[in-house]
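Descriptive analysis of the structure
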Amino acid sequence: MKITAIKALVCNAEMRNWVFVRVETDEPGLFGWGEATLEWKTRAVVGALQDLEALLIGQDPRNVEQCYQILTRHGFWRLGVEGMSAVSGIEIALWDILGKSLGVPVWRLLGGQVRDYLRTYTHLGLGDMKAVYESGSADTIVERGRIVTQAGYDAVKVVCIPYTHYVSPAKAVDSVADMVGALREAVGPDIDIMVDFHGRPASVNAAMDYLKAIEPARIMFAEEPVPPEDVAGLAHITARSAIPIASGERLIGRREFTQSVAARAFNIAQPDICHTGGLLETKKIAALAETAGIGLAPHNPLGPIAGVAALHFGISTPNVIIQEEMSGAVAWYDDVVTWPIDRKPGRWDVPDLPGLGVTVNEDVIARHPFKQEVLHARNAVMPDGTVVDW
Ligand SMILES: O=C(O)[C@@H](O)[C@H](O)[C@H](O)CO
Ligand SMILES: [Mg+2]
């Protein structure tokens, strides 16, 4: 069996352009699907897919590791997030082909079933919460919290840390404490709450101030309390924080995770299967994390094929705690890709169709062509115009 083509299909889903990858083979009717979505870098990823195609033409798609080696070594240059997202999309599609060729679901090939279902969480707010913070009101967060938990989710994540750069003014810290406290009060003790700091505090001390302020709300984890490349800063926080610390959505491959795991930089790793190198690379990261007592909450605010890939991963990987998902991103999410299971809020069951088990409706994709996304990050400035992390 040989790979004959690698195609990228872009589908605009408002905040993000989803990049779907279709790997074709010389066996009639046999092809695989993957996803390489990387928000605000869509054309770079599509270009990387075009550049990488030539390396794999003629290779046996069932040799997943060998194809990965070719993609990451024969291109000479080490790939950054755009290139590795392209590699990830291709790699996921290779597993889909392998599963279909053998007539088994991908999770069987990844080690088999380790749990009866995969727990999931979703977001309360998309992008930044500047308006909420500036209005000084927790109403929006509480309202969203009620809607999402009434829909059936028992774990929710919120981004609610204001842009205060290296410091943590009393008013900002109190406002965050009020917002997270109000959310806890509204949803009650049975719901897990996660707070994504988005790497906004630029100093360890500012991050620690916000962490201390939300401690009474008893949250499940706090994410990216400082920017992800500050391994020493994260390790310092993790050693002292009462709240478990999560990070990793912006780390690529084993190389970057190794350093963070060795430093015990976080309690919970958040690799993204669509950025970090694909399913097998994320398995290796999971194994690395497991040896250091680190659980996984894989990152995925992406499209439906990314979600299904995460499902197969989570069903077969013991140290996965919970899976992120954003199936509420657009109203027509379910028209684009047919899933192998009936998705329920907060709980994904074990799929049994061969491969990933998705069918893709290319007509629907064609109705939502590439569009320049809104640049939410433009809001990330201090009152004096200083640019800060979004
Ligand atoms: O944890 C999350 O899902 C967020 O940090 C997103 O990755 C970020 O807003 C970019 O889309
Ligand atoms: Mg995040």
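Residues numbered from 1 in each chain as written. Chains lettered and ligands numbered in written order. Predicted model: local features only at pLDDT ≥ 70, side-chain atom pairs only at ≥ 80, totals over all residues. Heavy atoms only, no water.

The chain appears in an unreviewed UniProt entry as D-galactonate dehydratase from Rhizobium loti.

This next bit is on the sheet that holds strand β2 (residues 16-25). Strand order in the open sheet formed by 3 strands is β1-β2-β3, with antiparallel pairing between adjacent strands. Edge positions in the open sheet fall to β1 (3-13) and β3 (31-35), since each of these has one partner strand only. Each adjacent strand pair in this sheet contributes to an overall mean axis angle of 20°, direction not counted. As paired elements, β1 and β2 share 10 bridges and run antiparallel to each other. (Pairing = 2+ DSSP bridges. Helix = DSSP H or I, 4+ residues; strand = E, 2+ residues; numbered from the N terminus. Axes fitted to C-alpha atoms, helices over the stretch in contact; angles between N-to-C directions.)

On to the UniProt feature "domain: Mandelate racemase/muconate lactonizing enzyme C-terminal" (unreviewed entry) in the chain. Summarizing the sequence annotation, UniProt attributes the feature "domain: Mandelate racemase/muconate lactonizing enzyme C-terminal" (unreviewed entry) to residues 138-244 in the numbering used throughout. Helix makes up 48% of residues 138-244 and strand 11%, with an end-to-end C-alpha separation of 23 Å. (UniProt positions renumbered as here; feature names shortened; annotations may be inferred.)

Next up on the list: the coordination of the magnesium ion (ligand 2). The protein atoms that coordinate the magnesium ion (ligand 2) are D196 (OD), E223 (OE) and E249 (OE), at distances spanning 1.9 to 2.2 Å. Under the relative-accessibility criterion, D196 is labelled buried at 3%. Residue E249 is classed as buried on the basis of its relative accessible area of 14%. (Donors = N, O, S within 2.8 Å, 3.2 Å for Na, K, Ca; no water. Buried < 20%, exposed > 50% of the residue type's maximum accessible area, 1.4 Å probe, protein only.)

On to the confidence of the model for the chain. When pLDDT is averaged across the chain, the result is 95; 97% of the residues are at 70 or more. Mean pLDDT in the chain bottoms out at helix α5 (residues 130-135), which sits at 52, and peaks at helix α3 (residues 81-102), which reaches 99. Scored as a complex, the prediction yields pTM 0.96 and ipTM 0.97. (pLDDT = per-residue confidence, 0-100.)

Looking now at the packing of helix α7 (residues 170-187) against helix α8 (residues 204-214). Contact geometry for α7 and α8: axes closest at 8 Å, N-to-C directions at 35°. For the element pair α7 and α8, the recorded crossing hand is right-handed. Facing A172, V173, V176, A177 and V180 of α7, the residues of α8 in contact are D209, Y210, A213 and I214. Grouping the constituent residues of the contact of α7 with α8 by class yields 8 nonpolar, no polar and 1 charged. (Left-handed = near helix turned anticlockwise from the far one by under 90°. Contact = heavy atoms within 4.5 Å. Nonpolar A, V, L, I, M, F, W, Y, C, P; charged D, E, K, R; others polar.)

Moving on to the site of ligand 1. In the vicinity of ligand 1 there are 13 residues, among which R16, E39, E249, H299 and E324 approach most closely. Contact between ligand 1 and E249: an oxygen atom at 2.7 Å from a side-chain N or O atom of the residue. Here an oxygen atom of ligand 1 and a side-chain polar atom of E324 are 2.5 Å apart. Starting from 300 Å² of accessible surface for ligand 1 in isolation, the protein chains cover 92%. Split into classes, the residues belonging to the shell around ligand 1 amount to 3 nonpolar, 3 polar and 7 charged. (Near = heavy atom within 4 Å. Polar contact = N/O pair within 3.5 Å; in protein donor to acceptor, adjacent residues only side chain to side chain. Areas by Shrake-Rupley, 256 points an atom, 1.4 Å probe, with all protein chains shown as cover.)

Next up on the list: the nonpolar core. One finds W18, F20, V23, I90, V195 and I219 to be the most contacted residues of the largest nonpolar core, which totals 115 residues. Here this core gets 10 residues from one element, more than from any other, and that element is α3. Residue contributions to this core reach at least three from each of two domains, namely domain 1 (3-104) and domain 2 (109-355). Once you skip the residues sitting within four places of it in the chain, F20 turns out to touch K7, A8, L9, C11, W33, G34, E35, P304, I305, V336 and I365. Ranked by size, the runner-up nonpolar core spans 9 residues in total, among them A155, M194, M220 and I322. (Core = buried A, V, L, I, M, F, W, Y, C linked by side-chain atoms within 4.5 Å. Domains from an automatic or database assignment.)

Before going further, it helps to spend a moment on the packing of aromatic side chains. Applying the stated criterion to the full structure yields 8 aromatic pairs. With a centroid separation of 5.7 Å and an interplanar angle of 85°, the aromatic rings of W18 and Y333 are classed as edge-to-face. Of this pair, W18 sits in strand β2 while Y333 is found in helix α13 (residues 333-336), placing the two residues 315 residues apart along the sequence. W18 sits in the buried class, given a relative accessible area of 1%. Between F31 and W33, the aromatic rings sit 6.2 Å apart at their centres with planes inclined by 90°, giving edge-to-face as the arrangement. Taken together, the ring pairs in this structure connect W18, F20, W332 and Y333 into an aromatic cluster. Directly above the aromatic system of F313 lies the positively charged group of K283, at a separation of 5.8 Å from the ring centroid. Its guanidinium or amino end placed over the ring of Y117, R347 lies 3.9 Å from that ring's centre, counting from NZ or CZ. (Phe/Tyr/Trp six-rings, centres within 6.5 Å; stacked < 30°, edge-to-face > 60°. Lys NZ or Arg CZ within 6 Å of the ring centre and 35° of its normal.)

What follows covers the domain arrangement of the chain. How big an interface is tends to be expressed through the accessible area that disappears when the partners come together. Assigned domains within the chain: domain 1 (3-104) and domain 2 (109-355). Distance from the C-alpha centre of domain 1 to the C-alpha centre of domain 2: 26 Å. Counting residues at the interface gives 33 residues for domain 1 and 33 residues for domain 2. Interface area for domain 1 against domain 2, summed over the two sides, is near 2600 Å², with a carbon-plus-sulfur share of 70%. (Buried area = accessible area lost by both parts, 1.4 Å probe.)

Next up on the list: the side chain of N300. Residue position: N300 is located in the loop between β10 (295-296) and α12 (304-316). Only 3.1 Å separates the side chain of N300 from the backbone nitrogen of L302, close enough to count as a polar contact. Setting aside residues up to four positions removed in sequence, N300 forms contacts with D272, A306, G307, Q323, E324, E325 and M326.

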